[in-house]
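# Structural features, examined
What follows is each chain in one-letter form.
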Amino acid sequence: MTVDPDRGVEVVLPRRSSERQAERVVAELGPWIERRLAAQARAREAVAVPPGTVPYLGGALTLVPEPGRTRVHRRGDALLVPAADPRPALERWYRRAARAEIAPRAETAARGVGGRMTALTIRAQKTRWGSCSPSGALSFNWRLLLAPEPVLDYVVIHEACHLVVPDHSRRFWSLVERHCPEWRVHARWLRRYGSALVCSESGRQRRRTSTAAMKEAGRTAAATPRATRVELSAQGAPKSTLDGRLSD
Ligand SMILES: [Zn+2]
């Protein structure tokens, strides 16, 4: 089961379960669901920025709408954005900015841990902050730019360490600790507030959704690719951070 302020409560049941069984599960877990929603509301508050601004590595950039503009351009602490719906152009800008911010950090981190990065990809997955493929390709979520800078640095170091140690063994964490002694603080920040970064970007801000919204998703479960395991989960739903090195 997952709880999302925008999409409501999603219950995954075995294929043959009835709607009534789903309702019973939701009723039994009511208090837990309420706690989850309250925690998510607090998370949103924690990462909120003043109206008319967007978060950027712990600071805020002021949006300056300009009629006729199609491409976002940064000027100091201002972002010149299209006057109409700025969101698509804004996301494209964040992706470019993510590459510019992350590339040098990833190069440095890879060199620092003694690994070799073969490629860098910027993604927009809802459930993953970063990944490392067996071939040494690193990928990162552009939404990391919405987090404080030390959190971004931690995720880059985390993935760079996977270039050397693919699993989450003791050896892996001691390597992370050597290069990012405060990693626990940043990992906790992501667990607590990470989901708010994903939600606040979705364009459906502050919309309260009925907790009764349910979906029987058991049928689609079989279609989930096995190779794609959750790494540094953005939704906070899966507890385990055991990831894989992705095969893509
Ligand atoms: Zn990992």
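The following refers to the structure shown. (Residues numbered from 1 in each chain as written. Predicted model: local features only at pLDDT ≥ 70, side-chain atom pairs only at ≥ 80, totals over all residues.)

Okay, the environment of Ser-139 next. When you line up the elements, Ser-139 lands in strand β9 (residues 137–141). Classification of Ser-139 by C-beta neighbours within 10 Å gives buried; the count is 21. Sequence-distant contacts of Ser-139, defined by excluding residues within four places in its chain, comprise Thr-121, Arg-123, Gly-130 and Ser-131. (Helix = DSSP H or I, 4+ residues; strand = E, 2+ residues; numbered from the N terminus. Buried ≥ 20, exposed ≤ 12 C-beta atoms within 10 Å, placed from the backbone. Contact = placed C-beta atoms within 7 Å.)

Two numbers describe how helix α4 (residues 149–162) lies on helix α5 (residues 170–179): the axes approach to 9 Å, and their chain directions differ by 135°. As far as their axial angle goes, α5 and α4 are oblique. In the crossing of α4 with α5, the sense of the turn from one axis to the other is right-handed. Counting all contacts with α4, which are made through Ile-157, His-158 and Cys-161, the residues of α5 involved are Phe-172, Leu-175, Val-176 and His-179. Looking at the contact of α4 with α5 residue by residue, the classes come out as 5 nonpolar, 2 polar and no charged. (Axes fitted to C-alpha atoms, helices over the stretch in contact; angles between N-to-C directions. Parallel < 35°, antiparallel > 145°, perpendicular 65-115°, else oblique. Left-handed = near helix turned anticlockwise from the far one by under 90°. Nonpolar A, V, L, I, M, F, W, Y, C, P; charged D, E, K, R; others polar.)

For strand β4 (residues 59–66) and strand β6 (residues 78–82), the ladder comprises 5 bridges, and the chain directions are parallel. For Glu-66, the partnering residue across the bridge sits in β6 and is Pro-82. Sheet analysis places strand β5 (residues 73–75) next to β6, joined by 3 bridges and oriented antiparallel. Bridge pairing links Arg-74 to Leu-79 in β6. (Pairing = 2+ DSSP bridges.)

Ranked by size, the top nonpolar core spans 41 residues in total, and within it Ala-98, Leu-144, Val-155, Val-156, Ile-157 and Ala-160 carry the most contacts. With 8 residues, α4 is the largest single contributor of residues to this core. Discounting residues that sit within four places of it in the chain, Ala-98 has contacts with Ile-122, Phe-140, Trp-142, Leu-144 and Leu-145. (Core = buried A, V, L, I, M, F, W, Y, C linked by C-beta atoms within 7 Å.)

In this section: the sheet that holds β4. Taking strand neighbours across the sheet as the criterion, the 4 strands line up as β3-β4-β6-β5 in an open arrangement whose pairing is mixed. Among the strands making up the open sheet, the edge pair consists of β3 (53–56) and β5. The mean inter-strand angle of the sheet, taken between neighbouring strand axes irrespective of direction, is 35°. Both β3 and β4 contribute to a ladder of 4 bridges, which runs antiparallel. By the bridge assignment, Pro-55 is partnered in β4 with Ala-60.

On to the sheet that holds strand β7 (residues 119–123), then. Taking strand neighbours across the sheet as the criterion, the 3 strands line up as β7-β9-β8 in an open arrangement whose pairing is mixed. Since the sheet does not close on itself, it has two edges, and those belong to β7 and β8 (130–132), each with one partner. The mean angle between the axes of side-by-side strands here comes to 15°, regardless of whether they run parallel or antiparallel. Where β7 lies against β9, 5 bridges are found, and the strand directions are parallel.

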